[in-house]
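Chain by chain, the residues:
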Amino acid sequence: MKDQFYSKNADDDVLEICLTLFKKCNLKCAFCFQDHKEHIDLEYIKSIPFNIKPRLVDILAKKKYTTICYRIWGGELFSDDIDDSMFDVYMELEDALRTINDELGLNTKVCYSSNLVFNNTERVVKLISRYPTTVLA
């Protein structure tokens, strides 16, 4: 996956950026556009903050925002067959995105999107409990 994120204006002062991390999923929903490939490209995920920062600088030069909302999804980010170490990757990604926003003087909101089909809830709670502006959608 290469640069599989896009942005849209959520309202006058919030910019929403949607990040698709991978296509791995535990379901095959009829409505879903994903092809459910199993590969998770860690290098791609780790490169996301480096790809976003110059784009944000360009966007902010044209229009001022107070908040960036990152919507993050997989496939299914929280599938029970995804190794616990992926949650460290999610935390590193979120920390890097928040650092960029701090450097640019922006508030941050992170929404992890899930179909809520998972049993290992402790690691999900740990992830979304780290910051008050992180939510599960």
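Below: a short report on this structure. (Residues numbered from 1 in each chain as written. Predicted model: local features only at pLDDT ≥ 70, side-chain atom pairs only at ≥ 80, totals over all residues. Heavy atoms only, no water.)

### Digging into the side chain of Glu 94
Note the following rule: To qualify as a helix, a DSSP run of H or I must reach at least 4 residues; to qualify as a strand, a run of E must reach at least 2; elements of each kind are numbered from the N terminus. Throughout, exposure labels follow a simple rule: accessible area from a 1.4 Å probe, protein chains only, divided by the maximum for the residue type, with under 20% read as buried, over 50% as exposed, and the rest as partly exposed. Side-chain atoms alone can form a polar contact between residues adjacent in sequence; in general such a contact is a pair of N or O atoms within 3.5 Å, and within protein one must be able to donate a hydrogen while the other accepts it. It only takes one pair of heavy atoms within 4.5 Å for two residues to be counted as in contact.
Mapping Glu 94 onto the fold places it in helix α2 (residues 85-103). For Glu 94, a relative accessible area of 0% translates into the label buried. Among the polar contacts made by the side chain of Glu 94, one reaches the side chain of Tyr 112 at a distance of 2.8 Å. When sequence neighbours within four positions are dropped, the list of residues in contact with Glu 94 reads Val 110, Tyr 112, Leu 127, Arg 130, Tyr 131 and Thr 134.

### Comments concerning the packing of helix α1 (residues 42-62) against α2
Quick note on the threshold: All axes here are fitted lines through C-alpha atoms, helices being fitted over the stretch that makes contact, and every angle between N-to-C directions spans 0 to 180 degrees. Here the word oblique covers every angle except those under 35 degrees (roughly parallel), over 145 (roughly antiparallel) and from 65 to 115 (roughly perpendicular). The residue classification treats Ala, Val, Leu, Ile, Met, Phe, Trp, Tyr, Cys and Pro as nonpolar and Asp, Glu, Lys and Arg as charged. All others, Gly included, are polar.
Close contact between α1 and α2 brings their axes to 10 Å; oriented N to C, the two are set at 10 degrees. Relative to α2, α1 is oriented roughly parallel. In this structure, α1 contributes Leu 42, Ile 45, Lys 46, Ile 48, Pro 49, Ile 52, Lys 53 and Leu 56 to the contact, and α2 contributes Met 86, Val 89, Glu 92, Leu 93, Ala 96, Leu 97, Ile 100, Asn 101 and Glu 103. Partitioning the contact of α1 with α2 into residue classes produces 12 nonpolar, one polar and four charged.

### Quick word on the environment of Asn 107
Assignment of secondary structure puts Asn 107 in strand β4 (residues 107-112). The partly exposed category is assigned to Asn 107, whose relative accessible area is 48%. C-alpha of Asn 107 to C-alpha of Thr 133: the two residues are 26 residues apart in sequence and 9.2 Å apart in space. Aside from chain neighbours lying at most four places away, what touches Asn 107 is Thr 66, Thr 67, Ile 68 and Asn 101.

Geometric values such as these leave the question of function open.
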